[in-house]
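Per-entry structural report
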Amino acid sequence: MGLALLFVIWLITLASSWFFFSKTWWMPAGASAAAAGIDRQFAITYALMGIVFLAAQLALGLFVWKYRDKERMKAHYSHGDTGLEMTWTVLTAILFIGLNLAGAKAWSEQRFQPAPANAITVEVTGVQFAWYFRYPGPDNKFAKVNPADIDASAGNMGGVGVDTTDPAAKDDIVVGTMVVPVNRDVQVMLRAQDVIHSFYVPAMRFKQDAVPGLIIPMHFRPTAVGDYEFACAELCGLGHYKMHGMLKVVSQEEYDKWLAERIAEKNAE
């Protein structure tokens, strides 16, 4: 029985490790300036954790086999080994703190360093169960948002609750599709109206919670034209599955044309 359990443990270990080595469920190809650094950190973390995981499971299998039921074998009571416990506690702490320090730069660059001055700004608002994207228009200034003006049935400006009496509202654009130019930084201002959501664009290696009552800035720079899926990564209610869509990365010329068309449509209303 002990020998069979040993093989089961090792079989599960090798089978589960295969999916990591083969990258069966890996993320899509990176399409942002930060993707290479984040992928490198992922690879280092997976490699170190993989070594620990394999060593632990191999040792478990060996112990299952070595201490299997045997005739005339006496059990020995142990109070533990303080030296061993201190050793693996210190090694675990070094590994945990080391990985945090190694990944701090990749994690903080998009959050704590300001976006370049020429970055475009997009306000991203999560609400059960949709995303709204607001652009400040030519004045590069967002109008005030008033919770009392939120009207989900009106959509767009009403869905976000834009105060239309604010002069800055005249050129604010609210759409359901996020469009950004390639090779230009995008400053995202994340908001949530009701519960916690999480704006996740795997190809951009961009993921950040949106929390009611907070405006959370974070930036990224797309490096390839294309359509990239985004989704809410926080279970936010029964309609959570509906909160997905496509981020469109286009050339600067196409972006300027798209924005001009949206402003013209608004002025024609």
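Counting restarts for each chain: residues are numbered from 1 in the order of the written sequence. Given that the model is predicted, a residue must reach a pLDDT of at least 70 before its local features are reported, and side-chain atom pairs must reach 80 or more before they are shown or counted; all residues, however, enter totals for whole chains, interfaces and linings. Calculation of side-chain values draws on the structure's entire complement of heavy atoms; hydrogens and water are dropped beforehand.

Structural notes on the sheet that holds strand β3 (residues 173-175)
Two strands are said to pair when DSSP picks up at least two bridges between them. In DSSP terms, a helix is any run of H or I states spanning at least four residues, a strand is any run of E spanning at least two, and both are numbered starting from the N terminus. The five strands are arranged β3-β2-β1-β5-β8 in an open sheet whose pairing can be described as mixed. The sheet is open, and its two edges are formed by β3 and β8 (216-220), each paired on a single side. On average, each strand axis in the sheet is inclined to that of its neighbour by 25 degrees, with strand direction left out of account. Bridge count between strand β5 (residues 186-192) and β8: five bridges; the pairing is antiparallel. In the strand pairing of β8, Val186 is matched with Phe220. Contacts are assigned to residue pairs that have any heavy atoms within 4.5 Å of one another. Simply put, an axis is a line fit to the C-alpha atoms, just over the touching stretch for a helix, and the angle between two N-to-C directions goes from 0 to 180 degrees. Here helix α5 (residues 252-268) sits on the sheet and contacts β1 (120-127), β2 (130-135) and β3; the angle it forms with β3, its principal contact strand, is near 105 degrees.

Quick look at the pattern of salt bridges
Think of a salt bridge as a Lys or Arg side-chain nitrogen and an Asp or Glu carboxyl oxygen that are within 4 Å of each other. Under the defined criterion, the tally for this structure stands at 10 salt bridges. Its salt-bridge partner being Lys105, residue Glu109 comes within 2.5 Å of it at the nearest N-O pair. Separated by four residues within a single helix, Glu109 and Lys105 lie in helix α3 (residues 82-109), roughly one turn from each other. The class for Glu109 is partly exposed, based on a relative accessible area of 27%. Given a relative accessible area of 57%, Lys105 falls into the exposed group. Note that Glu123 and Arg134 form a salt bridge whose closest N and O atoms lie 2.9 Å from each other. Accessibility here uses a 1.4 Å probe with only protein chains present; expressed as a share of the type maximum, an area under 20% marks a residue as buried, one over 50% as exposed, and anything in between as partly exposed.

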